Amino acid sequence: MSKYLQVFKISFQQEFAYRLNFVMWRVRNVIQIFLVFYLWDAVFANPDRVVFGYDREKILTYVFGLLTVKALVLSARAMDIAGEISRGELSNYLLKPLNYFNYWITRDISSKALNLSFAIVETLILVIILKPPFFIQSNLLAILGFLVTISLAVFLFSLLLFIVSSLTFWMPEAGWGIHFLVTVVIVEFLSGALFPLDILPGSLQNALYFTPFPYLIFFPLQVYLGNIGGLEFIKGLSISVFWVVFLWFSMKAIWQKGLKEYQAYGR
Amino acid sequence: MAGKFFNISKRLILYLRIWLTMSRNSFMIYLNQKKILAIFLTGKILRFSFFVAFLYFLVVGSESLAGYSVNQTLFFFLTFSLIDSISQFLFREVYRFRTLVVTGDLDLILVKPINTLFRVLMGGADVIDLITLPPLFFAVWYVGIRLDPSTLQVFLYLLMILNGLFLATAFHIAVLALGIVTLEIDNTIMIYRDVTNLGRLPIDIYREPLRGILTYLIPVGVMITLPAKAFMGLVTPVGVFISFGLGIVVLSASLKVWGFALKKYSSASS
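The name given to chain B in an unreviewed UniProt entry is ABC transporter permease, with Candidatus Woesebacteria bacterium RIFCSPLOWO2_01_FULL_39_10 as the source organism.

In the nomenclature of an unreviewed UniProt entry, chain A corresponds to ABC transporter permease from the organism Candidatus Woesebacteria bacterium RIFCSPLOWO2_01_FULL_39_10.

Asker: I tried to follow the UniProt feature "transmembrane region" (unreviewed entry) in chain B on my own but got confused; where do I start?
Answerer: Residue and element names in this part refer to chain B. In this structure's numbering, the residues bearing the UniProt feature "transmembrane region" (unreviewed entry) are residues 38–61, 73–91, 120–143, 155–183, 213–232 and 238–262. Split by type, residues 120–143 is 83% helix and 0% strand. Its first and last C-alpha atoms lie 35 Å apart. Helix makes up 85% of residues 213–232 and strand 0%. Its end C-alpha atoms lie 23 Å apart.

Asker: In this structure, what is going on with the packing of aromatic side chains? I would like to understand it.
Answerer: For any two aromatic rings, the description comes down to two numbers: the centre-to-centre distance and the angle of the planes. Residue and element names in this part refer to chain A. One pass over the structure, following the stated rule, counts 53 aromatic pairs over all chains. When the ring of Tyr 100 is compared with that of Phe 162, the centres are 6.4 Å apart and the planes differ by 70 degrees; the resulting orientation is edge-to-face. Linking Tyr 100 in helix H6 (residues 100–130) with Phe 162 in helix H7 (residues 140–166), this pair joins segments that are 62 residues apart in sequence. The pair formed by Tyr 100 and Phe 162 is uniform in burial state, with each residue classed as buried. Residues Trp 176 and Phe 180 carry aromatic rings whose centres are separated by 6.3 Å and whose planes lie at 55 degrees to one another, so their mutual orientation is tilted. Here Phe 180 and Trp 176 lie together in helix H8 (residues 175–190), a separation of four residues that amounts to about one turn.

Asker: Help me understand the packing of H8(A) against helix H2 (residues 34–62) of chain B in this model?
Answerer: For any two helices packed against each other, one specifies the crossing angle of their axes together with the interaxial distance. Orientation of H8(A) relative to H2(B), taken along the N-to-C sense of each, is 10 degrees, at an axis distance of 9 Å. The orientation of H8(A) with respect to H2(B), classified from their angle, is roughly parallel. In this structure, H8(A) contributes Trp176(A), Gly177(A), Ile178(A), Phe180(A), Leu181(A), Val184(A), Val185(A), Ile186(A), Phe189(A) and Leu190(A) to the contact, and H2(B) contributes Ile39(B), Phe40(B), Thr42(B), Gly43(B), Lys44(B), Leu46(B), Arg47(B), Phe50(B) and Phe51(B). In terms of residue class, the contact of H8(A) with H2(B) is built from 14 nonpolar, three polar and two charged.

Asker: For this particular structure, what's the right way to read the side chain of Lys44(B)?
Answerer: In this structure, Lys44(B) sits in helix H2. Relative accessible area serves as the criterion here: at 17%, Lys44(B) is assigned to the buried category. Only 3.0 Å separates the side chain of Lys44(B) from the side chain of Asp129(B), close enough to count as a polar contact. With residues near it in sequence (within four places) discarded, Lys44(B) still touches Phe180(A), Gln88(B), Arg92(B), Ile128(B) and Asp129(B).

Asker: How should the pattern of salt bridges be read in this particular structure?
Answerer: Opposite charge on two side chains makes pairing possible when the charged atoms of those side chains draw close. All names here are of chain B. For the coordinates displayed, the defined rule picks out eleven salt bridges over all chains. Here Asp 129 makes a salt bridge to Arg 92, at a shortest N to O gap of 3.5 Å. Remark: Arg 92 occurs in the loop between helix H3 (70–91) and helix H4 (97–103) and Asp 129 occurs in helix H7 (residues 127–144); sequence separation between them is 37 residues. Its salt-bridge partner being Glu 93, residue Arg 96 comes within 2.5 Å of it at the nearest N-O pair.

Asker: Explain the interface of chain A and chain B to me, please; I cannot follow it from the model alone.
Answerer: Many descriptions give the size of an interface as the accessible area lost when the pieces come together. The partner chain B presents 33 residues to the 40 residues of chain A that form the contact. Interface area lost by chain A to chain B is led by Arg28(A), Leu35(A) and Tyr38(A), which between them contribute 18%. Run the count over chain A and chain B and you get one salt bridge. The partner of Arg28(A) in a salt bridge is Asp194(B), and the shortest N-O contact between them spans 2.5 Å. Linking chain A with chain B are two residue pairs in polar contact (both at pLDDT 80 or more). Elements represented by at least two residues in the side of chain A that touches chain B include exactly helix H2 (19–43) and H8 of chain A. In terms of residue count, the dominant contributor to the side of chain A that touches chain B is H2(A) (17 residues). By residue class, the composition of the side of chain A that touches chain B is 32 nonpolar, three polar and five charged.

What counts and what doesn't
For every chain, the first residue of its written sequence is number 1, and the numbers climb from 1 along that sequence. Throughout, the order in which chains and ligands are written sets their labels, letters from A for the former and numbers from 1 for the latter. Only residues with pLDDT of 70 or above have their local features reported here, since the model is predicted, and side-chain atom pairs are shown and tallied only from 80 upward, although totals for entire chains, interfaces and linings are computed over all residues. Only hydrogens and water are set aside when side-chain values are computed; all heavy atoms of the structure are taken into account. UniProt positions are given in the numbering used here, feature names are shortened, and annotations may be inferred rather than shown by experiment. Where helices and strands are cited, they refer to DSSP runs of H or I of at least four residues and of E of at least two residues respectively, numbered from the N terminus. Aromatic pairs are defined between Phe, Tyr and Trp rings, using the six-membered ring for Trp, whenever the two ring centres lie within 6.5 Å; interplanar angles under 30 degrees are classed as stacked, those over 60 as edge-to-face, and all others as tilted. When a residue's accessible area, from a 1.4 Å probe over protein chains only, is under 20% of the maximum for its type it is buried; when over 50% it is exposed; and in between it is partly exposed. Fitted lines through C-alpha atoms give the axes, limited to the stretch in contact for helices. The angle between two N-to-C directions lies from 0 to 180 degrees. Should an angle fall under 35 degrees it is taken as roughly parallel, and over 145 as roughly antiparallel, whereas 65 to 115 is taken as roughly perpendicular and any remaining angle as oblique. Residue contacts are defined here by distance: any two heavy atoms, one from each residue, within 4.5 Å place the two residues in contact. Only Asp, Glu, Lys and Arg are considered charged, only Ala, Val, Leu, Ile, Met, Phe, Trp, Tyr, Cys and Pro nonpolar, and every remaining residue, Gly among them, polar. We call two N or O atoms a polar contact when they sit within 3.5 Å, provided that within protein one can donate a hydrogen and the other can accept it, with sequence-adjacent residues counted only if both atoms are side-chain atoms. The term salt bridge refers to a pairing of a side-chain nitrogen on Lys or Arg with a carboxyl oxygen on Asp or Glu at a separation within 4 Å. Here the buried area means the combined drop in accessible surface, using a 1.4 Å probe, for two parts upon being joined, counting both sides.

Have a look at this one:
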């Protein structure tokens, strides 16, 4: 346990070693929120308007919730695994008495902790500047549901990252390309990180709910907003748990197969 | 006079030939990695399609966006994509500039008998963006004719697109200059892209002071929104003339900044 604590500390310090890099990354997150905020602000220029089942208060809470939830779910260092495999640096870790998955989970937690603390400060500043109406959830069950779904989302994204990175065993040169396709393009749009998925036609939404993506951002935020409860919540939670279990076993199988393919190029 | 004109033409042809050679080399690198090319191309097409679908469903569901119809909103996005793709096609080399500075390999370019800025700005045209350009031109035309523009509006649009490209060039030069001074380029170029992404939608949707910043300070509005507005007949020829002036001033300023930054280059690590 203590070795992972050290990994956490070192990883945390490492983020500060490239301070400008980190600050720029956070600036980018804030700029992206501006686009989404003003877009919905324009749609809900009339405060009494209800569109796609949202009023102004709920949609702007969704937008600000994105900052925090993205920091918690999508901030991760594990995308560096692809580079380590393709450069043969994985060998260094295979020789050490440490679990590679736990090592990266620890690094991810450190990244999430740092990003989350910045996201909270940024949210507070943006709330003061933009003065959006805010929906504060008072239902304890909804808050509890939100925390559970967020935890599942964190696992889900870590597993997705691991699987996507593992593909580098077979395509060492395509590591960043696969990440771009899956974690940048597909996850950004299909998780609800850019817009709430319920603006899409019903049939498309129904199909999407069977994939793991909505459970990363959209589902937890809907639970917080109180738009999902009862049977719908149970159904979503079950699908989310199914994906965590399925991806866990898939990741283990892919990783084991990948290790047999691994040739430590560049070492 | 004729001799001077002849010399300039000769020089332009020489640089065109150098650019074609550098682009051919860059394309060959991409084409040798067909899997990677396919993955990035798929990613770009998906991202574009997702955003078009999102805008379509959003504006249809909410009836209009800041007073603009579905076709008008899509035209703003297509104009953004057009300027973005052309500048990425031309200036992809900027994304590789940091390595040259931190390793000192920029020395090898500085000693060559071609303009350094030309080499680091346009030395690696992106074949993926080149592939996406023809369908994008078609999409601009397809949505554009539904807005029923006059010949003057089309002419002003083309003029403003050219101005948008001037501004995009100026931004890329400024990023390169900043790269020499601060050694930081990866995030700077991404911030540039995030800021220009704000132009995916008409800047009318932003409130002050952001709208003012995007119009005058970081002229994303002039670069992206104004061409689309000119096409819709929402900009006067005087407005186009002023914007063009702004484009030329910003481009000249970026060249001055580049000259200043180059003097700060310390040839580290070499």
